[in-house]
Amino acid sequence: QLIADQEALAATFGVIYLVLLITGKRADRMLKRQHLELTDLNSTLELQVADRTAAVMEAKECLRGERQKLDAALKNMSHGLCMFDAEKRLVLCNARFVDLYRFPPELVEPGTSQYDMAEHRIRTGILKGETDAAAVVWRMAPLRALSTDVTSIAIDELADGRLISITRQPIEGGGWVAIHEDVT
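The structure presented is a predicted model; accordingly, all values stated were derived computationally and were not measured. (Residues numbered from 1 in each chain as written. Predicted model: local features only at pLDDT ≥ 70, side-chain atom pairs only at ≥ 80, totals over all residues. Heavy atoms only, no water.)

**Student:** How should the overall build of the protein chain be read in this particular structure?
**Tutor:** Of regular secondary structure, the protein chain possesses 4 helices and 5 strands. When the helices and strands of the protein chain are read in sequence order from the N terminus, they spell out α-β-β-α-α-α-β-β-β. On C-alpha atoms alone, the protein chain measures out to a radius of gyration of 37 Å, which is more than a quarter above the 16 Å that the 2.2 N^0.38 rule sets for 184 residues. Expressed along its principal axes, the backbone C-alpha trace of the protein chain runs to roughly 125 × 35 × 30 Å. Sorting the 184 residues of the protein chain into buried and exposed places 23% on the buried side. Across the protein chain, contacts joining residues at least 24 apart in sequence account for 37% of those joining residues at least 6 apart. When the accessible surface of the protein chain is summed, it comes to about 12,900 Å², and 60% of that surface belongs to carbon and sulfur atoms. (Helix = DSSP H or I, 4+ residues; strand = E, 2+ residues; numbered from the N terminus. Rg over C-alpha atoms; globule rule 2.2 N^0.38 Å. Buried < 20%, exposed > 50% of the residue type's maximum accessible area, 1.4 Å probe, protein only. Contact = heavy atoms within 4.5 Å. Areas by Shrake-Rupley, 256 points an atom, 1.4 Å probe, with all protein chains shown as cover.)

**Student:** How do you make sense of the pairing of strand S5 (residues 176-182) when you look at a structure like this?
**Tutor:** Working note: regular strand, side chains alternate between the two faces of the sheet. Summarising the sheet, strand S1 (residues 80-84) and S5 pair through 5 bridges and their orientation is antiparallel. Residue pairing across strands places glycine 80 opposite histidine 180, the latter belonging to S5. Relative to S5, strand S4 (residues 163-170) runs antiparallel, the two sharing 7 bridges. Note that in S5 the partner of proline 170 across the bridge is tryptophan 176. Counting the residues between successive antiparallel strands, the hairpin from S4 to S5 contains 5 residues, one of them, glycine 173, with a positive phi of roughly 90 degrees. (Pairing = 2+ DSSP bridges.)

**Student:** Honestly, the sheet that holds S5 in this entry has me stumped. Any pointers?
**Tutor:** Hydrogen bonds between backbone groups are what pair the strands of a sheet, and the pairing can be parallel or antiparallel. In space, the 5 strands of this open sheet follow the order S2-S1-S5-S4-S3, with antiparallel pairing throughout. Bordering the open sheet on either side are strand S2 (90-93) and strand S3 (152-157), each of which pairs with just one other strand. With strand direction ignored, the average angle separating the axes of adjacent strands in the sheet is 20 degrees. (Axes fitted to C-alpha atoms, helices over the stretch in contact; angles between N-to-C directions.)

**Student:** Hey, could you run me through the environment of leucine 100 in this one?
**Tutor:** Within the secondary structure, leucine 100 sits in helix H2 (residues 95-101). We classify leucine 100 as buried; its relative accessible area is 1%. The spatial distance from the C-alpha of leucine 100 to the C-alpha of valine 15 is 96 Å, given a sequence separation of 85 residues. Contact partners of leucine 100, with chain neighbours within four places excluded, come to Gly80, Ile126, Leu158, Arg162, Ile164 and His180.

Here it is in structure tokens:
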């Protein structure tokens, strides 16, 4: 009986061994297949990343070229130009605009409020007239009343006698572009 039990046990272990061997080979083949699939997927993703990186670099170079053209145009304009966003904050301006009103560098940084820039022109006596706090309030009232969706034209007289025509053109999304032209 003991020999029969040992033979049965050996046969059972043999079957278990074969099952494990077959299962192990299947698992090994499945792992190899998944490894190949992941390797192919990784290669495909690496190619896509390389293509997209090249496209981004090309777009950046194109944008850099367009920016250089815009900078050249702004630098060579005979008029002052400024752009403000919907929150009345400076987006950009050219050197002629800065020169017209003798703005210090800190007032022509993007994000500077229109109020601060206008107050500088009043308080420093660049605009003809009073320079006190009441003058700031009085001169700012018409600016606050300007429509954000209609073109407007105004003439400012500077303390040195020059007349500056300001044409303010609204832009999509809020804000405006203004051209400041010496019409003396």
